[in-house]
Amino acid sequence: SDGSVRTTEGRASHAWIIHGANGCAISGMGPVDGHEEIRTSHRAELQGQTALFMMLSLILNYFRVMGSTFVSYCDNQSVVSKVHNGWRMWRYRHTKGPDGDLQALLRDTLNNLEQRDKLSYSSEWVQAHQDDTKNIHSLTRESALNVRMDAQTKEAYNLPA
């Protein structure tokens, strides 16, 4: 997943993709929720991961898939750490910040995936904008998908807010 912010316009967007090893994929994008003053890069990245895991939860539940393994990739280290650590010591009092709504939603979604669907997940950091210095065809799959999601966050600005 990826996020984008246009501070001069007070807008932000996110994009995500679930890409299977067999090449099948489903993706989405949209505006970032919340008041203009809280639409930060962190919130955009967090909303991308939240949307990704919510869609994964819906798919696993619909098809009754249990016991899967999933790795998410994000170019924001803070968000990766939150997903990777799973908020093991997290408490609802941590929702006082401007991103508390998304943090609570993501935490509950991850807990449901672990408990209901027996999903084993991890989150890994991927360097952003690698296509600035390398040919996209020379990038790893994860890096190329991040470049694709970066482009989709830009397309999401054309969607109604």
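Cut-offs and rules
- Residues numbered from 1 in each chain as written.
- Predicted model: local features only at pLDDT ≥ 70, side-chain atom pairs only at ≥ 80, totals over all residues.
- Heavy atoms only, no water.
- Helix = DSSP H or I, 4+ residues; strand = E, 2+ residues; numbered from the N terminus.
- Buried < 20%, exposed > 50% of the residue type's maximum accessible area, 1.4 Å probe, protein only.
- Areas by Shrake-Rupley, 256 points an atom, 1.4 Å probe, with all protein chains shown as cover.
- Patch = residues over 30% accessible without salt bridge, like charges linked within 9 Å, V, L, I, M, F, W, Y side chains within 5 Å.
- Salt bridge = Lys/Arg side-chain N within 4 Å of Asp/Glu carboxyl O.
- Pairing = 2+ DSSP bridges.
- Polar contact = N/O pair within 3.5 Å; in protein donor to acceptor, adjacent residues only side chain to side chain.
- Axes fitted to C-alpha atoms, helices over the stretch in contact; angles between N-to-C directions.
- Left-handed = near helix turned anticlockwise from the far one by under 90°.
- Contact = heavy atoms within 4.5 Å.
- Nonpolar A, V, L, I, M, F, W, Y, C, P; charged D, E, K, R; others polar.
- Phe/Tyr/Trp six-rings, centres within 6.5 Å; stacked < 30°, edge-to-face > 60°.
- Core = buried A, V, L, I, M, F, W, Y, C linked by side-chain atoms within 4.5 Å.

Participant: Describe the overall build of the chain, listing the residues and the values that go with them.
Facilitator: Within the chain, the regular secondary structure consists of 4 helices and 5 strands. Reading the chain from its N terminus to its C terminus gives the helix and strand order β-β-β-α-β-α-α-β-α. With the principal axes as the frame, the chain shows a C-alpha extent of 40 × 40 × 30 Å. Across the 161 residues of the chain, 44% fall into the buried class. On the chain, roughly 8900 Å² of surface is accessible, and the fraction owed to carbon and sulfur atoms is 52%.

Participant: Now, about a nonpolar patch on the surface: what can you tell me, with residues and values included?
Facilitator: Where nonpolar side chains cluster on the molecular surface, the patch consists of Y62, F63 and V65 and spans about 360 Å² of accessible area. In this structure F63 comes out as exposed when scored by relative accessible area, which is 57%.

Participant: Describe the pairing of strand β3 (residues 25-31), and please don't skip the residues or the numbers.
Facilitator: Pairing of strand β2 (residues 11-19) with β3 involves 7 bridges; the strand directions are antiparallel. Each bridged residue has a counterpart across the sheet, and for H19 the counterpart in β3 is A25.

Participant: Which residues make up the side chain of S143, and what are the values?
Facilitator: Its place among the elements puts S143 in helix α4 (residues 141-156). A distance of 2.8 Å separates polar atoms of two side chains, one belonging to S143 and the other to Q130.

Participant: Could you give an account of the environment of A161, naming the residues involved and the relevant values?
Facilitator: Locating A161 in the fold gives a position in the segment after α4. Separated by 130 residues in sequence, A161 and P31 have C-alpha atoms that sit 5.9 Å apart.

Participant: Pulling in residues and values, what's your account of the packing of helix α1 (residues 41-63) against helix α2 (residues 77-85)?
Facilitator: Put simply, α1 and α2 touch, their axes get as near as 9 Å, and they point 35° apart. Regarding α1 and α2, the two cross each other, and that crossing is right-handed. Counting all contacts with α1, which are made through H42, E45, L46, Q49 and F53, the residues of α2 involved are S78, V79, K82 and V83. Class assignment for the residues of the contact of α1 with α2 results in 4 nonpolar, 3 polar and 2 charged.

Participant: Pulling in residues and values, what's your account of the packing of aromatic side chains?
Facilitator: Summed over all chains, the structure comprises 3 aromatic pairs. Taking the centre distance of 5.6 Å and the plane angle of 70° together, the rings of F53 and F70 count as edge-to-face. Placement of the pair is F53 in helix α1 and F70 in strand β4 (residues 69-74), with a sequence separation of 17 residues. Judged on exposure class, the residue F53 and its partner F70 are both buried. Look at Y62 and F63: their rings are 4.9 Å apart centre to centre, the planes differ by 85°, and that puts the pair in the edge-to-face class. Aromatic ring contacts, followed pair by pair, group F53, F70 and Y121 into a single cluster.

Participant: Requested: an account of the pattern of salt bridges, with residues and values cited.
Facilitator: Considering all chains together, one arrives at 7 salt bridges under this definition. As a salt-bridge pair, D108 and R107 come within 3.6 Å of each other at their nearest N and O atoms. Taking relative accessible area as the criterion, D108 reaches 30% and is therefore assigned partly exposed. Judged by its relative accessible area of 17%, R107 is buried. Within the structure, one salt-bridge network assembled from shared partners comprises R6, E9 and R11.

Participant: I'd like a rundown of the nonpolar core, residues and numbers included.
Facilitator: Grouped together as the largest cluster of nonpolar side chains are 19 residues, with contacts concentrated most on F53, L56, F70, V83, L110 and L119. Those elements that provide at least two residues to this core are β2, α1, β4, α2 and α3 (100-115). Considering every element that reaches this core, the biggest residue donor is α1, with 6 residues. Once you skip the residues sitting within four places of it in the chain, L119 turns out to touch L56, L60, S68, T69, F70, L113 and E114.

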